[in-house]
Structure formats: C-alpha cells, structure tokens
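Architecture and fold: a report
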Amino acid sequence: MKEPSNLRLIDVHHHVVLPEYEAALVRSGAADPSRPLRKNSSPQTALHSMAELSIDAAILNPLSVAGVHHGDDANARYLTETTNEALASFVSVAPNKLGFFAALPLPDIDGALRQMERALDEFHADGIILLSNQNGFYVGDPAFEPLYAEMHRRSVVVFVHPASPAYVPALRLNLWAAYIEYPFETTRVAANLIYNGVMSRYPGIRWILAHAGGALPYLSVRLRLMEESDKGVPPFIERVPEGVAPHLKAFYFDVAMAGGAAPMAALMETADPAHILYGSDWPYLERDYVVDQLANLVGLPQLQGTRLGPLEWRNAAQLFRRFAGRLAV
C-alpha cells in the first residue's frame, strides 16, 4: 500500500477565496454565506498547504456559494472578470503546479460567452466553474443552449460545484445545506443534463461532478425511469434514444468527501475508471478530514497496486493540458 506522504496528487477540487472576489461581492451588495475560515489567499499559502497534504498540483475553484450574479448583469460581469484576472495572476507564480477554473456571470448568456472567450484565450484558464444553480437556473437548463454549443465547440472542461438551493429556509430543518442538500444539487445537475439532452447533443464538453457526483451513483439505476415513464413531448427515449447509461460513463467525478468504502464502491461501479479524479475540498474542510479521507482512499482494496495512479494524478494529467507533460515522465 502506498503511503499518503509519497503521493503526487493532482487536486481538481481546491478552493481559493481571493480579495478581488470578496470585494466584488461587496460591490454587488452580496454577503458570503459559506463563511470560509481558510481562504488560500496567497500562492505561497496555497503551495505550502498543498505540500503538507501530498498535493503536487491543483486546479483552483474561486467561488463560494455566494456565487456570481446578484441581480445586476454589469456587477456580475465585473465580478467574474476581476476574479478571473486575479486568478490568472495567482497561478502564474507556479504555473506547473497551479491552474484555475474561470467563473462566468450566468444567467447572463451574452456576458458568459464573452467572459469564457477571454478567460480561455487571454487568461489561459484550464476550464470553467459553474455552480449547480444561479438565480434559480440549474446547469442543464435549455436557456443556456448557446453556452453549451460554444463549450462543445471548444471541448471545455466544466467543473460543477453545488450551491445552496433556494428552498432550504422553508425546510424547517436545523441542518446546514452542506450536510445533505449539496450532494442532491449535484445530482439534479447530472439528471438535468441527461434529461434535457445536453449530454447527447454536446459530447465535447467534459463535465466534472463534485463530491463523487452527489447521490448520482446510488440513483443511477433509478434514473432509467426516464426511459420508461417520461410524459414529456416528445418523451425522453425519443429525444435521447441511447438512454441514460452511456452518459453516466461520460461524466468525470472528483472524490472529495467520498473517501470511504461505501461511496467509493458505488462510484467505481458507476464511473469510467479513467474519469475518477482526486479532490480534497481544501481549505473548506478541516485538515484532519482531508487527511483521513486520503488515508481511506489509499487503503481501499480497489485502489491497490497500479490502480491508485490514475486517480492520484494520471487521469487529471490526461484531462488538463497544463499537466500533460507529466505523462511523459
């Protein structure tokens, strides 16, 4: 069994909260409900903590659940542009170890298309970060069709991170949304992308689902009800004749907060092994939680011998051009 200290992980679920993002939230009149205690606010801080956690490289996620759009397109465009520009500067300190997902001002489609072009072509972002929903629009919504088409044309990597759904205050439950609701947010996105035919029409988009896809692996068989019971016009099976199963294999998954025998068994039964990526969720999680999750992963019988390497770094190096040179080593 490989010792965690000997790993060279590529982490695709690594948070950073930059001053530029926080200032833009204030400019938009928004608060940050996630209240991150640790922010990775400098490249040196990020690299130091990465080394302590056996993370050799990371793709940074710049958003909190406060999101990007708070009712004004101009403010949202300002927020995403300044955040993406700051991220480009941040990762330039160590470009062989740090990359980033760029933010888009959805549901502003025109702004999103312009920001994506600049982020990919000028700032050299490694992909796009989308929250599961923004202002009630879930990823997979037909309203975003022009964006999906351009993402497909450019073969964009899109990381989907859960947001707090609007209905949480009405639940009358004394449970933080991260306990249960976040995983179901990711599951909703996956189901929405399949049901609305986005996965079928735009196979060039590489979708990464956070937290092992939420409840998707467990519900993967249940989703076949789309094929049998859909009352849409036309029904799902006519719009997506290949059905659900091929699209489950098309998703990528990070393993943040899924480092245990049960969730990993479900994920490995559902996912293409080449599509499972390491994710830490640092620094939003406590250090002990991250360390324990990694130790659990390394100890899983399914990941012994040469089977750990793809999840550790190889799958990510094949997905992100920034790290492709590692494949030749």
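Refer to the structure printed above.
A short tour of the structure in this document, coming up. The structure presented is a predicted model; accordingly, all values stated were derived computationally and were not measured. (Residues numbered from 1 in each chain as written. Predicted model: local features only at pLDDT ≥ 70, side-chain atom pairs only at ≥ 80, totals over all residues. Heavy atoms only, no water.)

Our focus in this paragraph is helix H2 (residues 43–52). Those residues of H2 not exposed but buried are Pro43, Ala46, Ser49 and Met50. The arc enclosing the buried residues of H2, seen along the axis, measures out at 140 degrees, which places them on a common side. The exposed set on the far side of H2, more than 90 degrees from its buried face, consists of Gln44, His48 and Ala51. Just downstream of H2 lies Ser54, where phi reads positive at about 65 degrees. (Buried < 20%, exposed > 50% of the residue type's maximum accessible area, 1.4 Å probe, protein only. Helix = DSSP H or I, 4+ residues; strand = E, 2+ residues; numbered from the N terminus. Arc of directions from axis to C-beta.)

Summarising the element assignment, Pro283 is placed in the loop between strand S10 (276–277) and helix H13 (287–299). The spacing of Pro283 and Ala46 is 237 residues in sequence and 9.0 Å in space, taken between C-alpha atoms.

We now examine the environment of Gly136. Summarising the element assignment, Gly136 is placed in the loop between strand S5 (133–134) and strand S6 (137–138). Using a relative accessible area of 54% as the deciding quantity, one classes Gly136 as exposed. Taking C-alpha positions, Gly136 is 19 Å from Leu79, a pair spaced 57 residues apart along the chain.

Right, let's get into the sheet that holds strand S7 (residues 157–161). The strand order across the open sheet formed by eight strands is S1-S2-S3-S4-S7-S8-S9-S10, and the pairing between neighbours is parallel. Two strands in the sheet have a free side with no partner beyond their single neighbour: strand S1 (9–15) and S10. Judged from the four bridges that link them, strand S4 (residues 127–131) and S7 form a sheet pairing that is parallel. Within S7, the residue paired with Ile128 across the bridge is Val158. Lying over the sheet, H2 contacts S1, strand S2 (55–61) and strand S3 (98–103), oriented at roughly 130 degrees with respect to S2. (Pairing = 2+ DSSP bridges. Contact = heavy atoms within 4.5 Å. Axes fitted to C-alpha atoms, helices over the stretch in contact; angles between N-to-C directions.)

Here we come to the packing of helix H3 (residues 73–91) against helix H4 (residues 109–121). When two helices pack together, their arrangement is given by the angle between the helix axes and the distance between those axes. Between H3 and H4, the least distance of the axes is 10 Å, while the angle of their chain directions is 10 degrees. Judged by the inter-axis angle, H3 sits roughly parallel to H4. On H4, the residues that touch Arg77, Thr80, Glu81 and Asn84 of H3 are Asp110, Gly111, Arg114, Gln115, Arg118 and Ala119. Each residue belonging to the contact of H3 with H4 can be placed in one class, and the counts come to one nonpolar, four polar and five charged. (Parallel < 35°, antiparallel > 145°, perpendicular 65-115°, else oblique. Nonpolar A, V, L, I, M, F, W, Y, C, P; charged D, E, K, R; others polar.)

This paragraph deals with a nonpolar patch on the surface. Taken together, Leu171, Leu173, Leu175, Trp176, Tyr179, Ile180 and Phe184 make up a surface patch of nonpolar side chains, about 690 Å² in accessible area. One can find Leu175 in the loop between S7 and helix H6 (177–195). Judged by relative accessible area, Leu175 falls into the partly exposed class, the value being 41%. (Patch = residues over 30% accessible without salt bridge, like charges linked within 9 Å, V, L, I, M, F, W, Y side chains within 5 Å. Areas by Shrake-Rupley, 256 points an atom, 1.4 Å probe, with all protein chains shown as cover. Salt bridge = Lys/Arg side-chain N within 4 Å of Asp/Glu carboxyl O.)

Looking now at the pattern of salt bridges. Enumeration over the complete set of coordinates arrives at 13 salt bridges. Among the ionic pairs, Arg287 bridges to Glu52, the shortest N-O distance being 2.9 Å. Here the residue Arg287 occupies a position in helix H13, and Glu52 occupies one in helix H2, the gap between them amounting to 235 residues. The partner of Arg118 in a salt bridge is Glu81, with the nearest N and O atoms 1.9 Å apart. With a gap of 37 residues between them, Arg118 in helix H4 and Glu81 in helix H3 connect regions that are remote in the sequence. Given the relative accessible area of 29%, Glu81 is considered partly exposed.

Moving on: the nonpolar core. The biggest cluster of nonpolar side chains holds 76 residues, and the ones touching the most others in it are Leu60, Phe100, Leu130, Met151, Trp207, Phe251 and Tyr278. Those residues in contact with Phe251 that sit more than four places away from it in its chain are Ala190, Leu193, Ile194, Met199, Trp207, Leu209, Leu216 and His275. Among the nonpolar cores identified, the runner-up in size contains 30 residues, and Val17, Ala24, Ala103 and Phe159 belong to it. (Core = buried A, V, L, I, M, F, W, Y, C linked by side-chain atoms within 4.5 Å.)

Counted by the stated rule, this structure contains 10 aromatic pairs. On the numbers, 5.2 Å between centres and 15 degrees between planes, the contact of Phe101 with Phe159 is stacked. Here Phe101, found in strand S3, pairs with Phe159, found in strand S7; they are 58 residues apart in sequence, far enough to count as distant. Residues Phe144 and Tyr148 carry aromatic rings whose centres are separated by 6.3 Å and whose planes lie at 65 degrees to one another, so their mutual orientation is edge-to-face. We note that Phe144, like Tyr148, is buried. Three or more aromatic residues joined by ring pairs make a cluster, and in this case those are Phe137, Phe144, Tyr148, Tyr202 and Trp207. The ring centre of Trp313 lies 4.1 Å from the NZ or CZ of Arg8, which sits over that ring. (Phe/Tyr/Trp six-rings, centres within 6.5 Å; stacked < 30°, edge-to-face > 60°. Lys NZ or Arg CZ within 6 Å of the ring centre and 35° of its normal.)

The subject of this paragraph is the packing of helix H1 (residues 19–27) against H3. Following both chains from N to C, one finds H1 and H3 inclined at 170 degrees, their axes separated by 9 Å at the closest point. By the angle class used here, H1 and H3 are roughly antiparallel. In this structure, H1 contributes Glu20, Tyr21, Ala24, Leu25 and Arg27 to the contact, and H3 contributes Asn75, Tyr78, Leu79, Thr82, Thr83 and Ala86. In terms of residue class, the contact of H1 with H3 is built from six nonpolar, three polar and two charged.

Bringing the pairing of S3 into the picture now. Burial of S3 is extensive: six of the six residues sit out of reach of the surface. Here S3 shows no split at all, with Leu98, Phe100 and Ala102 on one side and Gly99, Phe101 and Ala103 on the other all buried. Examined bridge by bridge, S2 and S3 share three bridges and lie parallel to one another. Considered in S3, the bridge of Ile59 is made with Gly99. Across three bridges, the pairing between S3 and S4 is parallel. In the strand pairing of S4, Phe101 is matched with Gly127. For the crossover that starts at S3, traverses H4 and ends in the parallel S4, the hand is right-handed. (Right-handed = clockwise from strand over helix to strand, strands pointing away.)

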